Amino acid sequence: MKKSSKKRESSFDSFNPLENKTVILGVSGGIAAYKACDIASLLRRSGANVHAVLTPNAREFITPLSLTTITRNPAHCEQYGQSSNWRPEHIELAKSADLILIAPATADLIAKLATGICDDLLTTMVLASQAKVMIAPAMNPVMLQHPATQYNLSVLENRYRYDIIPSEYGEVACGDWGSGKMAAVETIITAVAARLLAHKTLATKRLIVTAGGTREPIDPVRFIGNRSSGKMGIAMADAAFARGAEVTLVSTVEVERAYPVVVVETAQEMQEAVESEFDLCDALVMTAAVADFRPMAVANHKIKKTDSDDLVLELTKNPDIIDLLGRVKRKDQVIIGFAAESEALLSNATQKLKRKNLDVIVGNDISVPEIGFGSDDNAVVILSAEGTRENLPRMPKRAIAEHLCDVLSERFQMLEKAPV
Ligand code: C5P
């Protein structure tokens, strides 16, 4: 009996599912701040490296010393404090985070995050980080239901793709009843672990992602190109790589990455690069804007001005890479295409989805100013071969890429369950 309980204890000790994960635990100033100690303790015992960041108001409820002792890392409080190295502390923390959990998140903190105000270490660090942010609101029920708080929460959830861990119904500290109690500590830990571990959902998957706009040469100095910046494709490759996928980026834009980047210029070069790896890949994400036509002949020398006012270029059709691969793809492969449309977005994207035998198409309306080509943001509609439709409102391309990774992992799960 004794032996087995000892064994259980030691196997519990060695179970560190969050090992190598750095979690920043942001604590803002509400009475639920006292529960931050339990959260920090459970996270640390699950193997995570935890750093607590307290707002000035949080220090009215809980001392930095408690969190320093529990996390075994110095708690951070001062926006202009001494950093352990040359980088400002908020940047150092922002870069180190795999995930930022803010528990409790007060109405004030939620409002600051929604508007980008950064007047203390915690808000500044969140703004400077690219890590996933999770928020556990805790406040008086009337404050939570206030349209301002509801609006701010919807901005965080829908625009910034933060995860909101809903607060619970019950008696809150001030004696009122309603929704506003911070979620139970176990609920918060489970949500954090699910998010951190779900992150590797593309592990073992091979992905080809294309990015940028192809350039079709006219002569040694001129080309036919398009306005694609490559930001969406690169964001997609980055997100998939971070989730454990083996990524090859085929791009017209040169970037330095930890995964292989094949730099191409023309549609034909892109076709060659994609086709050479297609057989081995589990998914192809064709984010690139591929020129539909190229000049029939490329002049060896710069074309000179002639006496004529006109220059006629003869164009020929480029291979439609995704269309060709859609015809030969195996049942276990997934192809995601993009459709940039200036009119009739839904019907054009739906037709392309079917015609090109795609699993998913991501449509965006390029007639909307300020989003799409070149911008950091986009608003897209995601259509699937099964007929589902999902609208993502304007958000950073980074967030769209994260969402598409979710779509991809769901499809892989679906394929694994499908009868052979
Ligand atoms: O037909 P359309 O060019 O709008 O289709 C867009 C989708 O097809 C994108 O995913 C794009 O990367 C892909 N495409 C392609 N080869 C082409 C043209 C587009 O793979 N020649």
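Throughout, a residue's number is its position along its own chain's written sequence, starting from 1. In keeping with the predicted nature of the model, local features appear solely for residues at pLDDT of at least 70, side-chain atom pairs appear and are counted solely at 80 or more, and the whole-chain, interface and lining totals rest on all residues. The side-chain values count all of the structure's non-hydrogen atoms but skip hydrogen atoms and water molecules.

1. As for the confidence of the model for the protein
Segments scoring low in pLDDT should not have their predicted coordinates read at a detailed level.
Then comes step 1: For the protein, per-residue confidence averages 90 on the pLDDT scale, and residues scoring 70 or more make up 95% of the total.
Then comes step 2: Note that pLDDT drops below 50 for residues 1-14; the model gives that stretch one contact with residues more than four away or on any other chain. pLDDT: the predictor's confidence for each residue, scored from 0 to 100. By the convention used here, residues are in contact when the closest approach between their heavy atoms is within 4.5 Å.

2. Examining the pattern of salt bridges
Then comes step 1: Throughout this description, the term salt bridge denotes a Lys or Arg side-chain nitrogen within 4 Å of a carboxyl oxygen of Asp or Glu. Applying the stated criterion across every chain yields a total of 20 salt bridges.
Then comes step 2: For Asp376, the salt bridge goes to Lys231, with nearest N and O atoms at 2.9 Å. Residue Asp376 is located in the loop between strand E17 (360-365) and strand E18 (377-384), and its partner Lys231 is located in helix H10 (residues 231-242); the two are separated by 145 residues in the primary sequence.
Then comes step 3: Of the charged contacts, one joins Arg243 and Glu402 as a salt bridge, the two residues approaching to 2.8 Å between their closest N and O atoms. Residue Arg243 is found in the loop between H10 and strand E11 (246-251), and its partner Glu402 is found in helix H14 (residues 397-417); the two are separated by 159 residues along the sequence.
Then comes step 4: Within the structure, one salt-bridge network assembled from shared partners comprises Lys329, Asp359, Glu386 and Arg411. Secondary structure elements follow DSSP: runs of H or I no shorter than four residues count as helices, runs of E no shorter than two count as strands, and numbering proceeds from the N terminus.

3. What to know about the packing of aromatic side chains
Then comes step 1: When two rings of Phe, Tyr or Trp (its six-membered ring) have centres within 6.5 Å they constitute a pair, described as stacked for plane angles under 30 degrees, edge-to-face for angles over 60, and tilted for the intermediate range. Tallying each qualifying case throughout the model produces three aromatic pairs.
Then comes step 2: Here the aromatic rings of Tyr160 and Tyr162 are separated by 5.7 Å at their centres, their planes lie at 50 degrees, and the arrangement is tilted.
Then comes step 3: Burial here depends on accessible area, computed with a 1.4 Å probe over protein chains only, as a share of the maximum for the residue type. Under 20% is buried, over 50% is exposed, and the range in between is partly exposed. When its relative accessible area of 12% is taken as the criterion, Tyr162 is described as buried.
Then comes step 4: When the ring of Phe241 is compared with that of Tyr259, the centres are 5.2 Å apart and the planes differ by 50 degrees; the resulting orientation is tilted. Of this pair, Phe241 sits in helix H10 while Tyr259 sits in the loop between E11 and strand E12 (261-263), and the two are 18 residues apart along the sequence.
Then comes step 5: Look at Phe241 and you get partly exposed, because its relative accessible area is 36%.
Then comes step 6: The class of Tyr259 is buried, set by a relative accessible area of 5%.

4. Here we look at the pairing of E17
Regular strands place their side chains on alternate faces of the sheet.
Then comes step 1: The element E17 is largely enclosed, with a buried count of five among its six residues.
Then comes step 2: Read as a crossover between parallel neighbours, the route from strand E16 (residues 334-341) over helix H13 (residues 345-355) to E17 is right-handed.
Then comes step 3: A strand pair is defined by DSSP finding two or more bridges across the two strands. Bridging between E17 and E18 involves five bridges; their strand directions are antiparallel. Following the sheet pairing, Val360 is matched in E18 by Ser384. Here the term right-handed applies to a crossover when the path leading from its first strand over the helix to its second strand runs clockwise, the strands being oriented away from the viewer.

5. Observations concerning the sheet that holds strand E1 (residues 22-27)
In sheet architecture, strand pairing relies on hydrogen bonds along the backbone and comes in two forms, parallel and antiparallel.
Then comes step 1: What the five strands build is an open sheet, ordered E2-E1-E3-E4-E5; its pairing is parallel. Each end of this open sheet is capped by a strand with a single partner; those strands are strand E2 (49-54) and strand E5 (163-164).
Then comes step 2: Sheet topology note: the strand E3 (residues 99-105)/strand E4 (residues 132-137) ladder contains five bridges and is parallel. From the neighbouring strand, Ile100 faces E4, where its bridge partner is Val133.
Then comes step 3: Axes here mean lines fitted to C-alpha atoms, for a helix over just the part in contact, with angles spanning 0 to 180 degrees between N-to-C directions. On the sheet, helix H2 (residues 36-45) packs against E1, E2 and E3 and is oriented at approximately 180 degrees with respect to E1.
Then comes step 4: Across the sheet, helix H5 (residues 107-115) lies against E3 and E4, angled at about 140 degrees from E3, the strand it touches most.

6. So, the domain arrangement of the protein
Then comes step 1: Split into domains, the protein comes out as domain 1 (22-199) and domain 2 (201-297 + 312-417).
Then comes step 2: Domain segmentation is taken from an automatic or database assignment of domains. Summarising the inter-unit geometry, the C-alpha centres of domain 1 and domain 2 are found 36 Å apart.
Then comes step 3: Every contact between the two is made by seven residues of domain 1 and, on the other side, 13 residues of domain 2.
Then comes step 4: Carbon and sulfur atoms supply 43% of the area buried between domain 1 and domain 2, which totals about 860 Å² over both sides. Simply put, the buried area is the total loss of 1.4 Å probe accessible area from both parts when two parts are fitted together.

7. Some words on the packing of H10 against H14
Then comes step 1: For the pair H10 and H14, interaxial distance at closest approach is 8 Å and the crossing angle is 50 degrees. Accordingly, the angle class assigned to the pair H10 and H14 is oblique. In the packing of H10 onto H14, the handedness of the crossing is right-handed. On H14, the residues touching Lys231, Met232, Ala235, Met236, Ala239 and Ala240 of H10 are Lys397, Arg398, Ile400, Ala401, Glu402, Leu404, Cys405 and Leu408.
Then comes step 2: Under this grouping Gly is polar, as are all residues other than the nonpolar Ala, Val, Leu, Ile, Met, Phe, Trp, Tyr, Cys and Pro and the charged Asp, Glu, Lys and Arg. For the contact of H10 with H14, the class distribution of residues is ten nonpolar, no polar and four charged. Just so you know how the angles are binned, under 35 degrees is roughly parallel, over 145 roughly antiparallel, 65 to 115 roughly perpendicular, and the rest oblique. Note on convention: the crossing is left-handed when the near helix lies turned anticlockwise from the far helix by less than a right angle, right-handed when the turn is clockwise.

8. Side note on the site of the ligand
Then comes step 1: One heavy atom within 4 Å of a molecule or strand is enough for the residue carrying it to be called near that molecule or strand. Taken together, 13 residues surround the ligand, and among them Met286, Ala288, Pro319, Phe338 and Lys352 come closest.
Then comes step 2: Between an oxygen atom of the ligand and a main-chain N or O atom of Ile322, the distance comes to 2.9 Å.
Then comes step 3: Between the ligand and the protein, one listed contact pairs an oxygen atom with a side-chain N or O atom of Lys356 at 2.9 Å.
Then comes step 4: Note on areas: Shrake-Rupley with a 1.4 Å probe; residue coverage comes only from the protein chains shown. Within the complex, the protein chains bury 90% of what would otherwise be the 450 Å² of accessible surface of the ligand.
Then comes step 5: Cavities and pockets were defined on a 1 Å grid built over protein atoms only: a cavity is a set of grid points that admits a 1.4 Å probe from which the probe cannot escape, a pocket is an open set flanked by protein on both sides within 12 Å along at least five of seven lines, and lining residues are those with an atom within 4 Å of any such point. The rule for placing a molecule in a cavity or pocket is simple: more than half of its atoms must lie within 2 Å of the grid points. With respect to the pocket detection grid, the ligand is positioned in the second largest pocket.
Then comes step 6: Looking at the shell around the ligand, the elements that each hand over two or more residues are helix H12 (321-328) and E16.
Then comes step 7: Its residues assigned to classes, the shell around the ligand comprises eight nonpolar, one polar and four charged. Residues adjacent in sequence count toward polar contacts only when both atoms are side-chain atoms; beyond that, a polar contact is any pair of N or O atoms within 3.5 Å, and within protein one must be able to donate a hydrogen and the other to accept it.

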